[in-house]
Amino acid sequence: MIKYIMLLLVGIGVYIGVTYKDQIEDFVDSRPAEEVQDLLEEAKDQVSDQAELLSDKLEEMSK
């Protein structure tokens, strides 16, 4: 009996999550946070690329 109650609660949770996804995201403002996270990842990638280029140039100069 407990299995069925748990399945019912999970089903209701999934239904609410799918139906009200946009309203929930707007309420917790997760979209702007995701955009900031994406920008930080892009900046990190650019910094690592530049560091790699600099290390390659230093190796060439030391030869």
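Look up a bit, the structure's there.
Residues numbered from 1 in each chain as written. Predicted model: local features only at pLDDT ≥ 70, side-chain atom pairs only at ≥ 80, totals over all residues. Heavy atoms only, no water.

S.K.: Looking at this model, I keep getting lost on the environment of Asp 49. Mind explaining?
M.R.: Take Asp 49: it is sitting in helix H3 (residues 30–62). By relative accessible area, Asp 49 is classed as partly exposed at 46%. Sequence separation between Asp 49 and Val 36 is 13 residues, and the spatial gap between their C-alpha atoms is 20 Å. (Helix = DSSP H or I, 4+ residues; strand = E, 2+ residues; numbered from the N terminus. Buried < 20%, exposed > 50% of the residue type's maximum accessible area, 1.4 Å probe, protein only.)

S.K.: So what exactly am I meant to see when it comes to the environment of Val 28 here?
M.R.: Within the secondary structure layout, Val 28 lies in helix H2 (residues 21–28). What makes Val 28 exposed here is its relative accessible area of 51%. Distance from Val 28 to Val 14, taken between C-alpha atoms, is 18 Å for residues 14 residues apart in sequence.

S.K.: Can you help me understand a negative patch on the surface in this one?
M.R.: A surface patch of negative charge is lined by Glu 34, Glu 35, Asp 38, Glu 41, Glu 42, Asp 45, Asp 49, Glu 52, Asp 56, Glu 59 and Glu 60. Turning to its location among the elements, Asp 56 is positioned in helix H3. Accessibility expressed as a relative area gives 35% for Asp 56, which makes it partly exposed. (Patch = residues over 30% accessible without salt bridge, like charges linked within 9 Å, V, L, I, M, F, W, Y side chains within 5 Å. Areas by Shrake-Rupley, 256 points an atom, 1.4 Å probe, with all protein chains shown as cover. Salt bridge = Lys/Arg side-chain N within 4 Å of Asp/Glu carboxyl O. Lys, Arg positive; Asp, Glu negative; His and termini not counted. Charge placed at Lys NZ, Arg CZ, Asp CG, Glu CD.)

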